[in-house]
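Secondary and tertiary structure notes
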Amino acid sequence: MDNIQKLSELESTKSTVKFFEGLLRSTPNGIVVTDASQNIVLVNGRFSSLFQQHWRDVIETNLFVWLQQLDDGSVGLWTKLIECVYREGYCYDVNFNMTLAKGVKHLSVNASLVAHESTADQGIIISNWRDITKQVHMEEQIAASERLAVLGKLAGSIAHEIRNPLATIDISALNLKRKLEGADEKTKSQIN
C-alpha cells in the first residue's frame, strides 16, 4: 500500500470517527456500548452525566458498577435485558429507577446486539438510555386527575341520592307544619 492510499484511508477513518462522535453528542439520550463482559467500550456524555461523571471516567469500567447505583433490582433487571437481547437480538423499554436527593429519575432502556460476522464482536450490546421522568410524572398527574374526576362524579351521585329523600322529608315537614298551625302547644312541641 502506498503512502497516498494510507493517508486517504486515515482521513476516511478520522472523518468516520468525527461523524460518530457528533452523533453521540447530539442525541438527548445516553448511549452505552458494552462487550460480552459488560465492560463499557463506548459511552456518550448524556449517559455519564446521569451519574455526574465525565465520559472519560466511565469508559472502560464495568456497567455493573453504574447499575449498582440505581435502585434495587437493577442488576437483575439488566441481566434479564441481556438474556432477551442475546435471545431476540434486541430488547425494548426496560425501566430503571434512580433515587436522588431531589426525587426519583425514571429511565427507559432499549438495547440491541451488534450483529457482526467477526467473533471478536459477539456480545457487543448498544443500549439507549432515555430519561422518562417528565413522562412518568405527567402520567401520574393524569391518573390522579382521573381519580379526582371519578371521585367528583361519585360525590355528585351520592349528594343527589341524599338530596332527593331530604327534599321529600322537608316538603312533608312543611305540609305537616301547615296542617298543625291550629294545634295545641303540646302537639306542636312533640313534632319539633
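The text that follows walks through the structure, step by step, so that each part is easy to find. (Residues numbered from 1 in each chain as written. Predicted model: local features only at pLDDT ≥ 70, side-chain atom pairs only at ≥ 80, totals over all residues. Heavy atoms only, no water.)

A word on the packing of aromatic side chains. Applying the stated criterion across every chain, the model contains seven aromatic pairs. Arranged with centres 5.8 Å apart and planes meeting at 20°, the rings of Trp78 and Trp129 form a pair that is stacked. Of the two residues, Trp78 is situated in helix α5 (residues 74-88) and Trp129 in strand β5 (residues 125-131); the sequence distance between them amounts to 51 residues. When sorted by exposure, Trp78 lands in the same class as Trp129, which is buried. (Phe/Tyr/Trp six-rings, centres within 6.5 Å; stacked < 30°, edge-to-face > 60°. Helix = DSSP H or I, 4+ residues; strand = E, 2+ residues; numbered from the N terminus. Buried < 20%, exposed > 50% of the residue type's maximum accessible area, 1.4 Å probe, protein only.)

With five bridges joining them, strand β1 (residues 30-34) and β5 adopt antiparallel strand pairing. Bridge pairing in β5 places Val33 opposite Ile126. Of the pairings in the sheet, the one linking strand β4 (residues 103-113) to β5 comprises seven bridges and is antiparallel in character. Bridge pairing in β5 places Ala111 opposite Ser127. (Pairing = 2+ DSSP bridges.)

Turning to the side chain of Ser48, a few remarks are in order. Tracing the sequence through the fold places Ser48 in helix α2 (residues 45-50). Look at Ser48 and you get buried, because its relative accessible area is 1%. Ignoring any residue separated from it by four or fewer positions in sequence, one finds Ser48 in contact with Val43, Gln53, His54, Trp55 and Val58. (Contact = heavy atoms within 4.5 Å.)

Moving on to the pattern of salt bridges. The final tally for this structure, using the stated rule, is three salt bridges. Among the ionic pairs, Arg87 bridges to Glu88, the shortest N-O distance being 3.5 Å. A relative accessible area of 45% means that Glu88 is categorised as partly exposed. Linking Asp93 and Arg130 is a salt bridge whose minimum nitrogen-to-oxygen distance equals 3.9 Å. Residue Asp93 is found in strand β3 (residues 90-100), and its partner Arg130 is found in strand β5; the two are separated by 37 residues along the sequence. Residue classification places Asp93 among the partly exposed positions, given a relative accessible area of 48%. (Salt bridge = Lys/Arg side-chain N within 4 Å of Asp/Glu carboxyl O.)

By themselves, these observations are geometric and do not establish any function.
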